[in-house]
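# Summary of structural features
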Amino acid sequence: MNKLPLSKRVQILAMLCEGSSMRSISRVADVSINTVSKLLVEAGEACLILHDETVRNVKASRIQCDEIWSFCHAKAKNVATAKAAPEGAGDVWTWTAIDADTKLIVSYFVGDRSGESAMVLMDDLQARLANRVQLTTDGHKAYLEAVEGAFGSDVDFAQLVKLYGPTITAPGRYSPAECTGIKRIRREGNPDIAHVSTSYVERQNLTMRMSMRRFTRLTNGFSKKLDNHIHALALYFVFYNFTRIHKTLRMSPAMAAGITDRLWSLEDVIAKIDELAPAPKARGPYKKRGDENSN
């Protein structure tokens, strides 16, 4: 079986992590688009396992959670009239939980904006933490039941509720409403009101939009399949947590959190891909042309 050289695979993954489109990568790296797509799937599967295995027993003090919108194939309002819309088409929400001190993405989940998705995120987050934390979310009501179910009373939980004024803009144009104020609301335990904030996780949302082509607004670079969307996110989170030096920390978030003692490279991701690859099958007996006719 033909396999791309290590340097070529590293180049493709690096371009995926830096926000290049898959077709531009195929042109620059001089490989087919199918090769790029196949490597994204393999890397995504490997990174899902890497995150699950390594981001465990995290010692943190302040966790911030938020959800970011994107879509696959078509926006939810257009799915009914979309041509050959696949399963998973429509709005997609990525839920994230970040350590405010180390900037580590502790947990994430790709789903809708329902209470079920909030529960999945909170259950996963609780399982990865080693101690009681102060937790801050936005005012989304789905968090209330999800936090209660995952943490019970073993958390200092508060919500930052933003107050918005009317949106003044031309019809049909995207423009966020103006934030006119905020309210900090204690929900559980004794959270420090001075640290009730979602600034770091919202800044992380911006980093995600800047780092993944499929999150860029008002373009045709959006995901066409949900599986590819999830794989791209899995690759991004491992890249962000383990292989990129955070400008403020001067080390990777995983190093700051004590999960690893070294800076990873994309070669570590490729090593995991090779580890998961099925063993090559033994070749059958060689038959000369015409042997079938002689039997």
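For the structure itself, look to the data block above.
How each quantity is defined
- Throughout this description, residue numbers start from 1 for each chain and increase along the sequence as written.
- With the structure being a predicted model, the display of local features is reserved for residues of pLDDT at least 70 and the display and counting of side-chain atom pairs for 80 or more, all residues being used for whole-chain, interface and lining totals.
- The basis for the side-chain values is all heavy atoms of the structure; hydrogens and waters are excluded.
- Axis geometry follows a simple rule: fit a line to the C-alpha atoms, using only the stretch in contact for helices, then measure angles between N-to-C directions, giving values from 0 to 180 degrees.
- The numbering of helices and of strands both runs from the N terminus, where a helix is a DSSP run of H or I of at least 4 residues and a strand a run of E of at least 2.
- It is the rotation of the near helix from the far one that decides the hand of a crossing: anticlockwise by less than a right angle makes it left-handed, clockwise makes it right-handed.
- Only heavy atoms matter for contacts: two residues are in contact if any of them lie within 4.5 Å across the pair.
- Charged residues are taken to be Asp, Glu, Lys and Arg, nonpolar residues to be Ala, Val, Leu, Ile, Met, Phe, Trp, Tyr, Cys and Pro, and polar residues to be all remaining types, Gly included.
- By this definition, two strands are paired if DSSP reports at least two bridges between them.
- Residue exposure (1.4 Å probe, protein chains only): buried if accessible area is under 20% of the type maximum, exposed if over 50%, otherwise partly exposed.
- Whether two aromatic rings pair depends on their centres lying within 6.5 Å, for rings of Phe, Tyr and Trp, where Trp uses its six-membered ring; planes under 30 degrees apart make the pair stacked, over 60 edge-to-face, and the rest tilted.
- Note on criteria: charge over ring means Lys NZ or Arg CZ within 6 Å of the ring centre, with the direction from the centre no more than 35 degrees off the ring normal.
- In this description, the arc belongs to the directions extending from the helix axis to the C-beta atoms.
- Think of a polar contact as two N or O atoms within 3.5 Å of one another; within protein, one of them needs to be a possible hydrogen donor and the other a possible acceptor, and neighboring residues in sequence only count if both atoms come from side chains.
- For salt bridges, the criterion is a side-chain nitrogen of Lys or Arg within 4 Å of an Asp or Glu carboxyl oxygen.

Our focus in this paragraph is the packing of helix α4 (residues 115–128) against helix α5 (residues 142–151). One way to put it is that α4 packs onto α5 with a least axis distance of 8 Å and a crossing angle of 35°. Pair α4 / α5 crosses with right-handed handedness. Note on element contacts: α5 touches α4 through A142, Y143, E145, A146, V147, A150 and F151, opposite G115, A118, M119, M122, D123, L125 and Q126. Here the contact of α4 with α5 is built from residues that sort into 10 nonpolar, 2 polar and 2 charged.

Looking now at the sheet that holds strand β4 (residues 134–138). Paired through backbone hydrogen bonds, the strands of a sheet run either parallel or antiparallel to each other. Overall, mixed pairing links the 6 strands, which are arranged β3-β2-β1-β4-β5-β6 in an open sheet. Where the open sheet ends on each side, the last strands, each with one partner, are β3 (105–111) and β6 (179–188). In this sheet, neighbouring strand axes are inclined to one another by 20° on average, regardless of whether the strands run parallel or antiparallel. One ladder, built from 6 bridges, connects strand β2 (residues 90–99) with β3; its direction is antiparallel. Within β3, the residue paired with I98 across the bridge is I105.

Take unusual backbone geometry next. Positive phi, normally seen in glycine, also occurs at H73, with a value near 70°. Looking at where H73 falls in the secondary structure, it is placed in the loop between β1 (62–72) and β2. Judged by its relative accessible area of 23%, H73 falls in the partly exposed class. Even without being a glycine, R250 presents a positive backbone phi close to 65°. In this fold, R250 is placed in the loop between α7 (226–243) and α8 (253–256). Judged by relative accessible area, R250 falls into the exposed class, the value being 72%.

Turning our attention to the packing of aromatic side chains. The description of an aromatic ring pair rests on the distance of the ring centres and on the angle between the ring planes. On inspection of all chains with the given rule, the structure shows 7 aromatic pairs. Among the aromatic residues, those joined into a cluster by ring pairs are Y108, Y236, F237 and Y240. Seen from the ring of Y200, K103 lies directly overhead, with NZ or CZ sitting 4.4 Å from the centre. Looking at R113, its charged tip hangs above the ring of W93, at a distance of 4.9 Å from the centre.

A few words now on α5. Every buried residue of α5 is listed here: A142, Y143, A146, V147, A150 and F151. Angularly, the buried residues of α5 cover 110° about the axis, an arc narrow enough to put them on a single face. α5 presents E145 and G149 as exposed residues on the side facing more than 90 degrees away from its buried surface.

This next bit is on the packing of helix α6 (residues 199–211) against α7. In contact at an axis separation of 12 Å, α6 and α7 are set at 115° when each is read in the N-to-C sense. Remark: the crossing between α6 and α7 carries right-handed chirality. Across from Q204, T207, M208 and S211 in α6, the residues of α7 making contact are L233, Y236, F237 and Y240. Across the contact of α6 with α7, the residue classes tally to 5 nonpolar, 3 polar and no charged.

Turning next to the side chain of S252. Summarising the element assignment, S252 is placed in the loop between α7 and α8. Relative accessible area serves as the criterion here: at 0%, S252 is assigned to the buried category. When neighbours within four sequence positions are excluded, S252 is seen to be in contact with N241, F242, R244, I245, H246 and L263.

This part is about the side chain of D156. As for its placement among the helices and strands, D156 is situated in strand β5 (residues 156–164). Assessed through its relative accessible area of 15%, D156 is described here as buried. Polar contacts involving the side chain of D156 include one to the main-chain amide nitrogen of N190, which spans 2.8 Å. In contact with D156, other than residues within four places in its own chain, are R132, V133, Q134, L135, E188, G189, N190 and P191.

Right, let's get into the pattern of salt bridges. A side chain of one charge can pair with a side chain of the opposite charge if their charged atoms are brought near each other. Scanning all chains against the criterion turns up 14 salt bridges. The partner of R9 in a salt bridge is D274, and the shortest N-O contact between them spans 3.1 Å. In this pair, R9 sits in helix α1 (residues 6–17) while D274 sits in helix α9 (residues 266–276), placing the two residues 265 residues apart along the sequence. The exposure class assigned to D274 is partly exposed, which follows from its relative accessible area of 34%. Here R113 makes a salt bridge to E67, at a shortest N to O gap of 2.8 Å. Here R113 is found in the loop between β3 and α4, whereas its partner E67 is found in strand β1, with 46 residues between them in sequence. When salt bridges that share partners are traced, they join D52, R56, D124 and R128 into one network.

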